[in-house]
Amino acid sequence: MAVGNLEFIKSASGTSVSSLDVTDCFSANYDVYYITITKSDTANTDYTYGRIINSSGLDSGSNYSYAYLQMTSSGAFAEGRSASTTTMTALSFQSTGTADGIGHSFYCFNPYDSSSYTFFTSQSAGFYAGAGLYGFKGIYVHKVAEQVTGLHFNRTGNFDTITVNVYGVK
């Protein structure tokens, strides 16, 4: 069922988990996907990280590059970047004891195209008890031309709850 330009594909959720896999969510039907992370609550301070899932499983190799801008309501902005790392780092940030969760959305480009890298643009908003509001804007690339079938999200501690929704963009 299409709503506007988005067509719902899949949802995955977890409770008291350190990671969540969203498998078999990409296909040849779309070149662009819109992904949201909602209902993400945590009991520890940490970033949310991402990786891709391919036909061999989780890609933990140094196949990712990223650049992000971290924006806080109470201090200076900061940048982060890496040309070669094992994760999509700093997709979002949450602090200890904040059950307010995060708002996170991103676009994924060409995940199912085996002759292209997979690209992401990301933005998120969260809360850090010591610094107030936290926002991130980032770009990420998985630097292997292969067919991507899913996504993996993790953090050092547990997600008390997490829900990921995947939509195809028409």
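Below you will find a few notes about this structure. Quantities reported herein were computed from a predicted structural model and do not represent experimental measurements. (Residues numbered from 1 in each chain as written. Predicted model: local features only at pLDDT ≥ 70, side-chain atom pairs only at ≥ 80, totals over all residues. Heavy atoms only, no water.)

**Notes on the overall build of the protein**
Condition: Secondary structure follows DSSP: runs of H or I at least 4 residues long count as helices, runs of E at least 2 residues long count as strands, and numbering of each begins at the N terminus. In this scheme, a residue with accessible area under 20% of its type's maximum is buried, one over 50% is exposed, and one in between is partly exposed, where area comes from a 1.4 Å probe on protein chains only. Accessibility throughout is a Shrake-Rupley quantity obtained with a 1.4 Å probe, and a residue counts as covered only by protein chains that appear here.
Of regular secondary structure, the protein possesses zero helices and 12 strands. Order of helices (α) and strands (β) in the protein, N terminus to C terminus: β-β-β-β-β-β-β-β-β-β-β-β. Across the 170 residues in the protein, those meeting the buried criterion constitute 48%. Within the structure as shown, the protein displays about 7,700 Å² of accessible surface, and the carbon and sulfur contribution to it stands at 51%.

**Digging into the state of the cysteines**
A covalent bond between the sulfur atoms of two cysteines is what we call a disulfide. What counts is decided by this rule: The disulfide definition used here is simple: a pair of cysteine sulfur atoms within 2.5 Å.
Summed over the entire model, instances satisfying the criterion amount to zero disulfides. Unpaired in terms of disulfides, Cys25 finds its nearest cysteine sulfur in Cys108, a separation of 7.9 Å.

**Some remarks on unusual backbone geometry**
The residue Asp24 is not glycine, and still its phi comes out positive at about 50°. Notably, Asn110 is not glycine yet its phi reads approximately 60°, a positive angle. Along the chain, Asn110 falls in the loop between β9 (103–109) and β10 (118–128). Accessibility expressed as a relative area gives 26% for Asn110, which makes it partly exposed.

**Comments concerning the packing of aromatic side chains**
Condition: Ring geometry is summarised as follows: Phe, Tyr and Trp rings, the Trp one being its six-membered ring, pair when their centres sit within 6.5 Å, and such pairs are stacked at plane angles under 30 degrees, edge-to-face over 60 and tilted between the two.
Throughout the structure, instances matching the rule amount to 11 aromatic pairs. Centre to centre, the rings of Phe26 and Tyr33 are 4.7 Å apart; their planes meet at 70°, and the pair counts as edge-to-face. Residue Phe26 shares its accessibility class with Tyr33, and that shared class is buried.

**Focus: the pattern of salt bridges**
Should their charged atoms come close, side chains of opposite charge can pair. Selection criterion: We define a salt bridge as a contact between a side-chain nitrogen of Lys or Arg and a carboxyl oxygen of Asp or Glu at a distance within 4 Å.
Applying the stated criterion across every chain, the model contains two salt bridges. Measuring nitrogen to oxygen at the nearest pair gives 3.4 Å for the salt bridge that ties Lys170 to Glu7. Here Glu7 lies in strand β2 (residues 6–22) and Lys170 lies in the segment after β12 (148–169), a separation of 163 residues in the sequence. In this structure, the salt-bridge partner of Glu79 is Arg81, at a minimum N-O distance of 2.6 Å. Exposure remark for Glu79: the relative accessible area of 58% places this residue in the exposed category. Arg81 gets classed as exposed once you look at its relative accessible area, which sits at 61%.

**A word on the side chain of His152**
For clarity, the cut-off: N or O atoms closer than or at 3.5 Å make up a polar contact, with two conditions inside protein: a donor-capable atom paired with an acceptor-capable one, and, for residues adjacent in sequence, both atoms drawn from side chains. Contact between two residues is taken to exist if any of their heavy atoms lie within 4.5 Å; hydrogens are not considered.
If you trace the backbone, His152 turns up in strand β12. Only 2.5 Å separates the side chain of His152 from the side chain of Asp21, close enough to count as a polar contact. Not counting residues within four places of it along the chain, the set of residues in contact with His152 comprises Ser19, Leu20, Asp21, Tyr49, Gly50, Arg51, Ile53 and Leu58.

**So, the environment of Lys137**
The topology assignment puts Lys137 in strand β11 (residues 132–142). Given the relative accessible area of 45%, Lys137 is considered partly exposed. Residues Lys137 and Gln70, spaced 67 residues apart in sequence, show a C-alpha to C-alpha distance of 6.9 Å. Once residues within four sequence positions are removed from consideration, Lys137 is found in contact with Ala67, Tyr68, Leu69, Met71, Ser122 and Gln123.

**Overview of the environment of Phe127**
Tracing the chain through its elements places Phe127 in strand β10. Residue class for Phe127 comes out partly exposed when judged on its relative accessible area of 29%. Sequence separation of Phe127 and Ser73 is 54 residues, and the distance between their C-alpha atoms is 9.6 Å.

**Topic: the environment of Arg155**
Relative to the helices and strands, Arg155 is located in strand β12. For the pair Arg155 and Tyr49, spaced 106 residues apart in the sequence, the C-alpha separation amounts to 6.1 Å.

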